[in-house]
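# Working through the structure, step by step
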Amino acid sequence: MPDQAINMQKKIQSALISVFYKDGLEPIAKELHALGITIYSTGGTQKFLEDLGVPCVPVESLTTYPSILGGRVKTLHPAVFGGILGRRYEPQDLAEMKEYKIPEIDLVIVDLYPFEETLANTTEEKLIIEKIDIGGPSMIRAAAKNFKDLVVIAAKDDYASLENLLKTQKGETSIEQRRAYAAKAFEVVMHYDVAISNYFNPGISQALRYGENPHQSAVFHGDLTQLFNQLNGKELSYNNLVDVDAAVQLIQEFPAPVAGKGTVFGIIKHTNVCGIAQRDSVKSSWDAALAGDPESAFGGVLVCNGTIDKATADAINEIFFEVLIAPAFDADALEVLKTKKNRILLELKAGTTALKTPAKSLLNGTLEQGADKGNFDKWEEVGGRPTTESEKDNLVFANLVCKHLKSNAIALVKDKQLVGKGCGQTSRIDALRHAIDKAKQFEFSLQGAVLASDAFFPFNDCVQIAHEAGMEAFIQPGGSVRDKDSVAYCVENKLAMVMTGLRHFRH
């Protein structure tokens, strides 16, 4: 197709108007009439225009068929779609349009039956089904596809700009304007089709009570039944879902316990780990996790990799929490936990995996990345002495925990129990101060504790402060131009330091 055909101005000489909502249409109709533009219409829109004194040509005069099947078939005809899809720059198209007496249509103004509004106001299937538009989306897509020749208006939000265009450009449009309207039209049809798909696939999309705050609306797109059996409680809220996701990602870092050994209990608050411990029973792991920060645990999301027994349920039942996630629950434990009707109990199905491609909507697009898999790329001991076996176990545990804290993050661990953490701070040294203060608040001794950092130490101050507080083993990714400062301090003071080569930023 020649470039000049693409870039030339197009003058609107004919329009097809078929809309459900008539508000805002009057000034456009009168402006089209004033410009001498032929208007084709049908049904209620035709009557509306004629009542305004705006003459129009019935679509039936093109199709030679009346509206049939209770209005289901009105515009689905080659005489209509040929006029929309015919390419004015293709001689063959023009010849066929002339042969079959198909008029060129330059402007399509069509909106869609109010499917979502109907769905919000009734559960009667017959009424809902009749609001699934067929001709409307077809005409909109056809006109948008042929944007090189047509203007398409698919929503009343664009009436004002169209009216302005008609007045200021006397019915002429540029290729850029037509393409912009086409892009909006495809968006309208896409949204409409998704709403209909969601109606027929109710597990795919779920409207939530509200979003992060009560004044925000929210929808979850996905099928939670693939991941959980909900055994008790109210519908998951937006904030519940965000914290449940964080909890599942955390617990998947740890293998299932064997005969109780390796049982991990975690407590999540605002997506951060506020308590976690590994012990040889569910009850002891819960007790240790809660002891790490009993204040923050209030209203939290709890997660465990072992079966919840009655002893643990009795202990958990003493505090207020939103959600408890576990692979299984003993019957007598469930009896205890179900005494609060709104308490959400989720049985995590075997084989459940966290989202493999995390994504977020930002600016004018969507940002995707691979999952943050693994704990370390290497185990490089660079300090003044090798780590002990106990330190190694605790450093591995601390590094996994730190990975699930918002950056900048510091995790302090002793005997596989989180005893202090600093997260979401704008400087690493502030994160460390917060972590130490937390440990002191709940009277934990930091003698023999280990420290994990989600990113490198830019200076040796963090290592020095932690050492003064009693810590002698550190794990960090390394990568700073001043790594040697922290390493030199460890060497001088006979402290252990491990570099992993794997950073764990979390924003």
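Look up a bit, the structure's there.
Now for a description of the structure that goes with this document. Numbering of residues starts from 1 in each chain and follows the order in which that chain's sequence is written. Where totals are concerned, whole chains, interfaces and linings use all residues; where local detail is concerned, this predicted model gives features only for residues with pLDDT of at least 70, and gives and counts side-chain atom pairs only at 80 or more. Hydrogen atoms and water are omitted, and side-chain values are computed over all heavy atoms in the structure.

Turning our eyes to something else, we now look at the environment of E130. Only DSSP runs of H or I covering at least 4 residues are called helices, and only runs of E covering at least 2 are called strands; the numbering of each starts at the N terminus. Along the chain, E130 turns up in helix α8 (residues 125-130). Residues E130 and S174 lie 44 residues apart in sequence; the distance between their C-alpha atoms is 37 Å.

Here we take up the environment of K421. Relative to the elements of secondary structure, K421 occurs in strand β20 (residues 418-422). Buried means the residue's accessible area, taken with a 1.4 Å probe over protein chains only, is under 20% of the maximum for its type, while exposed means over 50%, and partly exposed covers the values in between. The class of K421 is buried, set by a relative accessible area of 10%. Residues K421 and A409, spaced 12 residues apart in sequence, show a C-alpha to C-alpha distance of 7.4 Å. Only heavy atoms matter for contacts: two residues are in contact if any of them lie within 4.5 Å across the pair. Not counting residues up to four positions away in its chain, the partners in contact with K421 are V273, C274, D293, S296, L405, I410, H434, A435 and K438.

Let us now look at the packing of helix α17 (residues 428-441) against helix α18 (residues 461-468). Only the stretch in contact is used when a helix axis is fitted, and all axes are lines through C-alpha atoms; the angle between N-to-C directions ranges over 0 to 180 degrees. Between α17 and α18, whose axes approach to 10 Å, the crossing angle comes to 15 degrees. Between α17 and α18, the angle is such that the two are roughly parallel. You can see that α17 and α18 cross each other, and the crossing is right-handed. Along the contact surface, α17 presents R428, I429, L432 and I436, while α18 presents D461, C462, I465 and A466. Residues were grouped as follows: Ala, Val, Leu, Ile, Met, Phe, Trp, Tyr, Cys and Pro as nonpolar; Asp, Glu, Lys and Arg as charged; and all remaining residues, including Gly, as polar. Considering only residue class, the contact of α17 with α18 consists of six nonpolar, no polar and two charged. Note that the term roughly parallel is reserved for angles under 35 degrees, roughly antiparallel for angles over 145, roughly perpendicular for angles of 65 to 115, and oblique for everything else. Should the near helix be turned anticlockwise from the far one by less than a right angle, the crossing is left-handed, and should it be turned clockwise, the crossing is right-handed.

Take the pattern of salt bridges next. Opposite charge on two side chains permits pairing when their charged atoms draw close. Each salt bridge in this description consists of a side-chain nitrogen of Lys or Arg and a carboxyl oxygen of Asp or Glu lying within 4 Å of one another. Enumeration according to the criterion identifies 23 salt bridges in this entry. Two residues, K184 and D158, come together in a salt bridge whose shortest N-O distance is 3.1 Å. Of this pair, K184 sits in helix α11 (residues 175-200) while D158 sits in the loop between β6 (151-153) and α10 (159-169), placing them 26 residues apart in sequence. For K184, a relative accessible area of 43% gives the class partly exposed. The exposure class of D158 is buried, given its relative accessible area of 10%. With a shortest N-O distance of 2.8 Å, D485 and R482 are connected by a salt bridge. Classification of D485 as buried rests on a relative accessible area of 19%. Residues joined in a network through salt bridges with shared partners are R88, E104 and D106.

The next point concerns the side chain of N146. Position of N146 relative to the elements: it lies in the loop between α9 (135-145) and β6. Relative accessible area serves as the criterion here: at 4%, N146 is assigned to the buried category. Among the polar contacts made by the side chain of N146, one reaches the main-chain carbonyl oxygen of L85 at a distance of 3.5 Å. Not counting residues within four places of it along the chain, the set of residues in contact with N146 comprises I84, L85, G86, R87 and R88. N or O atoms closer than or at 3.5 Å make up a polar contact, with two conditions inside protein: a donor-capable atom paired with an acceptor-capable one, and, for residues adjacent in sequence, both atoms drawn from side chains.

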